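The primary structure of each chain is shown beneath.
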Amino acid sequence: MSSWLGGLGLGLGQSLGQVGGSLASLTGEISNFTKDMLMEGTEEVEAELPNARRKEVEAIHTILRSENERLKKLCTDLEEKHEASELQIKQQSMSYRNQLQQKEVEISHLKARQIALQDQLLKLQSAAQSVISGAGGVPATAASPSFSYGLSHHASAFHDDDMDFGDIISSQREINRLSNEVSRLESEVGHWRHIAQTSKAQRSDSSDQSEICKLQNIIKELKQNRSQDIDNHQHEMSVLQNAHQQKLTEITRRHREELSDYEEQIEELENLLQEGGSGIALTDHSKIHEMQKTIQVLQAEKVESTKKIEELEDKIKGINKKLSSAENDRSVLKKEQERLSVENRQLLEECESLKLECSKLQPYAAKQSDIVTEKERILPYSSSVEEEVFRLQQALSDAENEIKRLSNLNQDNSLAEDNLKLKMHVQVLEKENSLLNQEKEELQISLSKLNNEYEVIKSIAVRDMDLDSELCDLRRNLEAKEQELNQSITEKEILRAELEELDKQNQEATKHMILIKDQLSKQENEGDNVISKLKKDLNDEKKRVHQLENDKMNITKELDMQEEKLIQSELVLSDLHLTKQKLEDKVAALVDQLNKLHTKNLNIQKENSELQEHVKQKEEELSRVRDELIMQSLNRDSNSNFKDDLLNEREAEMRNLRQNLSEIKQLNENLRKVAFDLKMENEKLNLACENVRHQLEESVAGNSQISQEKNAIVEALKIEKEQLEAVLCQAQKRLLEEANKYEQTVEELSSACNLSISALQLDHEHLIKLNQEKDFEIAELKKNIKQMDTDHKETKKILSSSLEEQKQLTQLVNENEIFIEKLKERSSELQEELDKYTQVLRKNEILRQTIEEKDRSLGSMKEENNHLKEELERLREQQSRAAPVAEPKTLDSITELESEVNQLNILKDNLKEEIKHHQKVIEDQNQSKIQLLQSLQEQKKEMDEFRYQHEQMNATHTQLFLEKDEEIKNLQKTIEQIKTQLHEERQDVQTENSVIFQETKVRGLNIENGSEKHDLSKAETERLVKGIKERELEIKLLNEKNISLTKQIDQLSRDEVGKLTQIIQQKDLEIQALHARISTASYPQDVVYLQQQLQAYAMEREQVLAVLSEKTRENSHLKTEYHKMMDIVAAKETALNKLQDENKKLSTRFESSGQDMFRETVQNLSRIIREKDIEIDALSQKCQTLLTVLQTSNTENEVGGVNSNQFEELLQERDKLKQQVKKMEEWKQQVMTTVQNMQHESAQLQEELHQLQAQVLVDSDNNSKLQVNYTGLIHSYEQNETKLKNFGQELAQVQHSIGQLCNTKDLLLGKLDIISPQLSSGSSLSSQSAESLRTTKSDVLSESSKQEIEELRKSLKEKDATIRTLQENNHRLSEWIAASSELERKEQEQTDSEIKQLKEKQDILQKSLKEKDLLIKAKSDQLLSLNENFTNKVNENELLRQAVTNLKERTLILEMDICKLKGENEKIIESSRGKETEYQALQETNTKFSMMLREKEFECHSLKEKALAFEHLLKEKEQGKTGELNQLLNAVKSMQEKTVTFQQERDQVMLALKQKQLENTAIQNKVQHLRDKELRLNQELERLRNHLLESEDSYTREVLAAEDREAKLRKKVTVLEEKLVSSSNAMENASRQASLQVESLQEQLDVASKQRDETALQLSMSQEQVKQYVLSLSNLQMVLEHFQQEEKAMYSAELEKHKQLVAEWKKKAENLERKLVSLQERLDEANIALDSASRLTEQLDLKEEQIEELKKQNEVRQEMLDDVQKKLMNLVNSTEGKVDKVLMRNLFTGHFHTPKNQRHEVLRLMGSILGIRKEEMEQLLNEDQGGVTRWMTGWLGGGSKSVPNTPLRPNQQSLLNSSFSELFVKFLETESHPSIPPPKLSVHDMKPLDLPGRTKLDTSVPGNFKDTAESGSDRRTDVNPFLAPRSAAVPLINPAGLGPGGPGHLLLKPISDVLPTFTPLPVLPDNSARVVLEDLLKQ
């Protein structure tokens, strides 16, 4: 009992532990609950089981479990906290690291930039150190502190980061400490609980309750403390976060400050760089000055050059002057280059000659005076070179100055181009200058070297006097060169003067040409604009016409395509009908074949019956035999035993025969079964054929509806037809084979009746196999048919989808056309409106002009009014004072004046009314303008929308085309797959009917899934998706099995497959052709059409954009953005409302009846389908049982067959069942259709859901775009504010300047009445100022709105300049007025003609002043309009700001709603999870209880069995065993009592369990409630945190904004204070001026009173003078008329002259243009020459380097030569007095072989070799008589000294002159080769032997000779090094040191011209040189 209770407790504990695993937060309550429950359990069980030990164990067990749970929860809580803290630390550290990385990257960039700038500064400093002392220290000092500052800041930033990390670590430590304290307190609580529980077992209940209360109070206090600690900790965390944010802001601020410091440093460095750039120029000048100081000799020439350059500066003006200067520089450079090259050569030659002379004059010493003179001559060369360099640099600087002046003066495009050309020239000149500098430096180096050499020469002290003569020659050469230099300088100056004259002429011509060009270009531009507009209109109309034509063509092509498609569909229909007829014929043939088989079966049956009759006959014979035997047995009793044996044997034979007969009957029955099966299969095939016919009819109907499906359907049907044909052929073959087999089997049966049973069994098995194969084949055929059906449906679907897409495309095209037509209409309307507006604008301009004229006239009228009023006042004063005599006249004049005044007043009123009217008109026009702008903006918006729609349409078109292409590719892939299947199907796979059954099941399930998919929840949908995937895998497996079956079919019909593949290929080609037609017809035309439309739209857009200005664009942009924001917000709100409504509706639908209805319908349908499937299975089983019954009946009937009536009844039942099946299938199809409809509806709902999701995404994108736009608006607003400030400042300046101009205008108008004849200069100046104002006006009005500010500044500057000039003119005018008042009295007669001129000038000035007034008015109007626009913009910006804030608030509200909805969803999910966990726990408890009950039932069952057994035993042992019975009965009773007790205990346990379950549910509800509370609190905490963060961000933003506002307000205050100060100053000035004016007026009053008295006297005088004046006026008018006539004649004559002059100027201009072209050509040539010169200089540098290398080689070779000379001297000493025998022999024989006339030449040669002088040889030759004998004796007597065989090479002159000597030399060379052994030195190591001074000689030798020598030496490079050229062994020239008496051998003496030359031998032309030599050798 105790064990059972323990097990139950353990089970309960485990279940509670599982439930408690999810309740981790509530430890104390659960432990209390378990404790109370256990106490109750102990109280209940104490009565029954008084075991104290068990209680203690259970209590300890519960305590330990509770503590374990508590510790687990603690661990989980701590782990969660640890993870959360780690995540926080990771996030913070990641953010810090990212910030640090960003800062480090920025600092590194700035450092790199700083270092680069410092490098540049250091370079500049190093360049400038030579000139400016102390400039290098400034940037370094500036750079170093900045760098240190950056480093310190960087370090401080890192320090702050470390502090933040430390704070985080300390906070984490505090968290750990608090968690440790909490764990300690919890352990104490557990300890106290344990004590309480142990004491409970011993103490009474009252003490337990009191202790429990105390402990509960303590627990409450601890919980409160814990909550307070948690709150404190959260507060600390928030404080830390705030501190962290503050630190972040400080770091960002420091970073910004550092960035600003770096930027300032960079700016400073850039400024320093610019200063350094100027410093470099200074350094260059300083170097030049240093050169000037060093070379004092050239100062005079420098002064002259500077003077010349100043003259050139005065003369050079304009572009052509630049060209001339460039040409001059080029020519100068050319000449200087030539000079330099010549001088370089001369210097090199001189150096070489000097070296030669030094080598010659080594033993001698020269005088020092000669060397000094040499130095003085060489120095001028260097000085002249430096002079030329300096001149070039000055010319460069002049050119740069001129370029600057011209760039300031000229601003036209042509001038800019010329500037570029000049800059290019200057760059080239700079390059040449640098090259010349290099040459200069190299020359200086060479000078230093020469100086060193001269010092060496001084030390050596040359004695020879040959140097003097050479030095004289050098001096002469230098003088000649100086003369050439002077001549070139004079030529250069002449050329410069000519070029300057040409430049002047060119300038004048170009100015005239520019004016003419400007006029012509304006006219041309106007004409071009008109033409371009007309062309655009024409092109637009042409494009429209082309578009319409293209549309017509497209429509006709589409019609043609549709007609062709219809024809093709008709053809396909006819083909289908034909195929149908063929199929029907085949079915008939099959029926015939079946009938034949039936007849054959009947024949077989007949034969069987005949056999049976035969057997019966045999049996009758046997019976007869038996009777006879019986009779014989009666007769023969003796032989009875034997006969009995025979009978027994016969009976055995009879039994065997009967068995054979039964087997034969069985075989017949089997055959009948096979025949019956075949009939069934035929019927099934007929049904299949009927189904196929129905399908064909349906497909024909579908084809008539859809024209594009036909190709695919034809292919599918053909494939079906071919498969059916193959199947039928196979069936025919198999039937024939089976018939043959049956015949064979019948024959075998008839023949093998006597054979063994084993053969029959084998045949039987063979037949069974054949039957199985047939079944398999039938199943395969069914599968193939079903596959064909599915493929057919898929193709139908594909074609229908393609049709729908085509329809959509056509609709889109139509919509596009409608849209294009609308756009055309809109564009036409816009053009009409534009025309109207242009007309209105023209009218406005006309009205403006009229108003301006009226204003002018008003001004003039006002001035006249004022004058008249003043005159009236004067006249009244005169009247009051005048005499009575003058009264009538004055009265008349007064009345006249009054009438005039009244008329003027009337005119003034009329003019005022007109002005008001015009103002109204202007206002109306402005309003219409604003409306126009608004309409244009709206039209812009519409155009943008249309463009967007058009782009979307294009995108949809492209997508549709891509989809079509993909479909075509898929079709092609499917065709290829079919081909591959037909080719590759080669394997046998057996499939059973179960596969088909599975397919049907899969389809049904798929249908169910499709219907239920959208009605179930997400979890169910996921499960369904998994099931669908599994079903798809099954379908794939089935498809693979089908493929393997099709491979079997392919084995039988390979030939037919080939034909089918050909047909399929043809069809593929046709399909591809059709696709190509469709694609080629439709796609490119659409593309072209769309491109044309795009072009048209682009043209229209450009026109519209040209009309609108940039200011209107900005306003419209702001408005459109505001409207967009509003629209987007409204759309978002509506979309949200819609979504919420739809969500509610959907939820209500899914929750309410709709979901239940869907589920019920689907479940009902699935049930019905399953029931029908079960019925079908039952019917099939019935059929099988009937067949078995028939078979059994056949077996039982030994003699007869099947009853015919029963068979007919069975057939009828079968037909009925078939009909029922058909009905069921139809009903099933209806159900399928309904399910498909449901699927379609669900698909639509899904699409709507997708659309809603897409809208939500679009809204989010729009929101992000709005934020971006808002930031952009804020930036633009700030920019506009800055612009406004600038505008205000400029306005103040403009107003000030306008006031000054008005003052000057009044002064000028007052003073121009008294102008003198000598004011022509003043008037010209004022006219110039007016012209400048006009130009400024035209410039200002022409330029765009963005450049208005800059041009206003320029115009203000110009106005200031004009005001100054006018003030100066006023001063001059005041001076001249004083002079003119004196001169007027004297020169009144002369001034008449001059007054006329002055009046004309005055009119011009007045006009200019009026123009100025108009300008001022226009500018003031512009300023007012700008101010108004600005105020409007400010208002709009404020409105937009308010709207943005409202939108932000709305978005925040919406986000809050979304968050709430999310929280609710999460709560629901959590509650569902809790319920699921409860459900699982309950399920587990239920399973345990069910197990317990089963065990109990099993025990009861076993007890019952035992009782029964006991009863049996008792019954058996009743007799004599009553005692045992009683014992057994007692045992049974005791067992029953135990069972009762067990049942009671079980009931108690069940009740306790129920209570526990109720309590568990209550606890779980509480736990869920607490969890929900926790979640809410957490959400509120997060919300509050976010709110705090947002509030802090908003506060920071507001603070920043407030600071910005404060700064702006302070700026405004300062501006206002400045304005106040200026206004107060102006007021003071005005008061002063007013006081001065008052004083001046008082003085004027006094003067006027005096004048009035004087005028009273003068009036009488003046009246008399008036009469005289009238007469003089009439005379003057006559004179004027004469003057006018004369002036007209003069003007006509001058006009003719001017025309002639213009014609002449045109001719000159043409000539100048030609000259310009030629000059440009020259310039190009000059550029080419300059390039070539630069190349030459480079080549010169290379040559100089080569020369230096050669010099080094020369030194090496000289050393080698010295060694060789020593060796040669040794050789000479050793070989003196030796003669070669062979040589003398050859000479001797040669003498006798030569003719007698030329023998003396041979003797001369021999003499020269032997060292005999010319004179001695001539004496010897003259003595002809005994010459030979003496020669012979002398020769033989001089005898046999051995001479070395040294090869000799004669002079090259002899080579040219005589052929014999050449042959002789060649022979000597050939002879000399083998005589000397080859030396051990290598050819490469040996350097050519040369004498000292040879190189110097070579240099002095002329060029042609040197070339020949070089060629000669080059020819013999392969020769032995000892056989050097002649120049190496023997010098040509006799050295000065070696005389005739000098040392050396005769052979080694230089061969001079004395050497005789052999004349050529008289050889025949056939003989060559080799023959002659051979003759010589033979002799």
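Residues numbered from 1 in each chain as written. Predicted model: local features only at pLDDT ≥ 70, side-chain atom pairs only at ≥ 80, totals over all residues. Heavy atoms only, no water.

**Description of the overall build of the chain**
Move 1: Helix and strand counts for the chain stand at 34 helices and zero strands.
Move 2: Counting the 1979 residues in the chain, one finds 26% classified as buried.
Move 3: Residue pairs in contact within the chain that sit at least 24 positions apart in sequence constitute 90% of those at least 6 positions apart.
Move 4: Element-wise, carbon and sulfur atoms account for 55% of the exposed surface of the chain, whose accessible area totals about 134000 Å². (Helix = DSSP H or I, 4+ residues; strand = E, 2+ residues; numbered from the N terminus. Buried < 20%, exposed > 50% of the residue type's maximum accessible area, 1.4 Å probe, protein only. Contact = heavy atoms within 4.5 Å. Areas by Shrake-Rupley, 256 points an atom, 1.4 Å probe, with all protein chains shown as cover.)

**Quick word on a negative patch on the surface**
Move 1: A cluster of acidic side chains, namely E607, E610, E613, E743, E747, E748 and D763, defines a negative patch on the protein surface.
Move 2: Counting only elements with at least two residues in the negative patch, the list comes to α10 (466–635) and α12 (710–751).
Move 3: Along the chain, E607 falls in helix α10. (Patch = residues over 30% accessible without salt bridge, like charges linked within 9 Å, V, L, I, M, F, W, Y side chains within 5 Å. Salt bridge = Lys/Arg side-chain N within 4 Å of Asp/Glu carboxyl O. Lys, Arg positive; Asp, Glu negative; His and termini not counted. Charge placed at Lys NZ, Arg CZ, Asp CG, Glu CD.)

**Considerations on the packing of aromatic side chains**
Any two aromatic rings considered together are summarised by their centre-to-centre distance and by the angle between their planes.
Move 1: Using the criterion set out here, one finds two aromatic pairs in the structure.
Move 2: With centroids separated by 4.8 Å and ring planes inclined at 65°, the aromatic side chains of F819 and F946 adopt a geometry described as edge-to-face. Separated by 127 residues along the polypeptide, F819 in helix α13 (residues 757–881) and F946 in helix α14 (residues 887–984) bring together distant segments of the chain.
Move 3: The class of F819 is buried, set by a relative accessible area of 10%. (Phe/Tyr/Trp six-rings, centres within 6.5 Å; stacked < 30°, edge-to-face > 60°.)

**Quick look at the side chain of E1121**
Move 1: Assignment of secondary structure puts E1121 in helix α18 (residues 1110–1151).
Move 2: Buried and unpaired, E1121 has no salt bridge, with K1124 as the nearest side chain of opposite charge at 6.8 Å.

**A closer look at the nonpolar core**
Move 1: In this structure, V572, L573, L576, L583, V692, L696, V700, A712, I713, V714, L717 and L799 together form the largest nonpolar core, which totals twelve residues.
Move 2: For this core, the elements supplying multiple residues, two or more each, are α10, α11 (640–705) and α12.
Move 3: Residues contacting V714, with those up to four places away along its chain left out, are V572 and K1067.
Move 4: Judged by nonpolar contacts, the second largest core, of nine residues, contains L594, V674, L678 and L735. (Core = buried A, V, L, I, M, F, W, Y, C linked by side-chain atoms within 4.5 Å.)

**Focus: the environment of L1094**
Move 1: Take L1094: it is sitting in helix α17 (residues 1054–1107).
Move 2: L1094 gets classed as partly exposed once you look at its relative accessible area, which sits at 41%.
Move 3: Expressed as a C-alpha distance, the spacing of L1094 and H950, which sit 144 residues apart in the sequence, is 8.9 Å.
Move 4: L1094 has contacts with H950 and N954, leaving out every residue within four places of it along the chain.

**Details of the confidence of the model for the chain**
Regions with low pLDDT should not have their predicted coordinates read in detail.
Move 1: In the predicted model, the chain carries a mean pLDDT of 77, and the fraction of residues at 70 or more is 75%.
Move 2: Low confidence marks residues 988–1002, where pLDDT is under 50. Its contacts with residues over four positions away, or in another chain, come to 24 contacts.
Move 3: Segment residues 1198–1202: pLDDT under 50, and five contacts once partners within four positions in sequence are set aside and those in other chains are kept. (pLDDT = per-residue confidence, 0-100.)

**Focus: a positive patch on the surface**
Move 1: A cluster of like positive charges, contributed by R856, K862, K912, K916, K920, K1407, K1410 and K1417, occupies part of the molecular surface.
Move 2: For the positive patch, the secondary-structure elements that each account for two or more residues are α13, α14 and α23 (1391–1516).
Move 3: Among the secondary structure elements, K916 is positioned in helix α14.

**A word on the pattern of salt bridges**
Move 1: Inspection of the entire model under this criterion finds 22 salt bridges.
Move 2: Residue E914 is joined to K854 by a salt bridge in which the shortest nitrogen-to-oxygen separation is 2.9 Å. Pair noted here: E914 is in helix α14 and K854 is in helix α13, with a separation of 60 residues, a long-range link.
Move 3: The exposure class of E914 is partly exposed, given its relative accessible area of 33%.

**Digging into a nonpolar patch on the surface**
Move 1: Residues I630, M631 and L634 make up a contiguous nonpolar surface patch of about 320 Å² in total accessible area.
Move 2: Within the secondary structure layout, M631 lies in helix α10.

**Quick word on the packing of helix α25 (residues 1781–1793) against helix α26 (residues 1799–1810)**
Move 1: As a packed pair, α25 and α26 sit with axes 9 Å apart at the nearest point and diverge in direction by 160°. One way to sum up the angle between α25 and α26 is to call them roughly antiparallel. The chirality of how α25 crosses α26 is left-handed. Contacts between α25 and α26 involve L1783, M1784, L1787, H1791 and F1792 from the first element and R1799, V1802, L1803, L1805, M1806, I1809 and L1810 from the second.
Move 2: Tallied by class, the residues present in the contact of α25 with α26 amount to ten nonpolar, one polar and one charged. (Axes fitted to C-alpha atoms, helices over the stretch in contact; angles between N-to-C directions. Parallel < 35°, antiparallel > 145°, perpendicular 65-115°, else oblique. Left-handed = near helix turned anticlockwise from the far one by under 90°. Nonpolar A, V, L, I, M, F, W, Y, C, P; charged D, E, K, R; others polar.)

**Observations concerning the side chain of E681**
Move 1: Relative to the assigned elements, E681 resides in helix α11.
Move 2: K774 provides the closest opposite charge to the buried, unpaired E681, separated from it by 6.1 Å.
Move 3: Beyond its immediate chain neighbours, meaning those up to four positions away, E681 contacts K774, D775 and I778.

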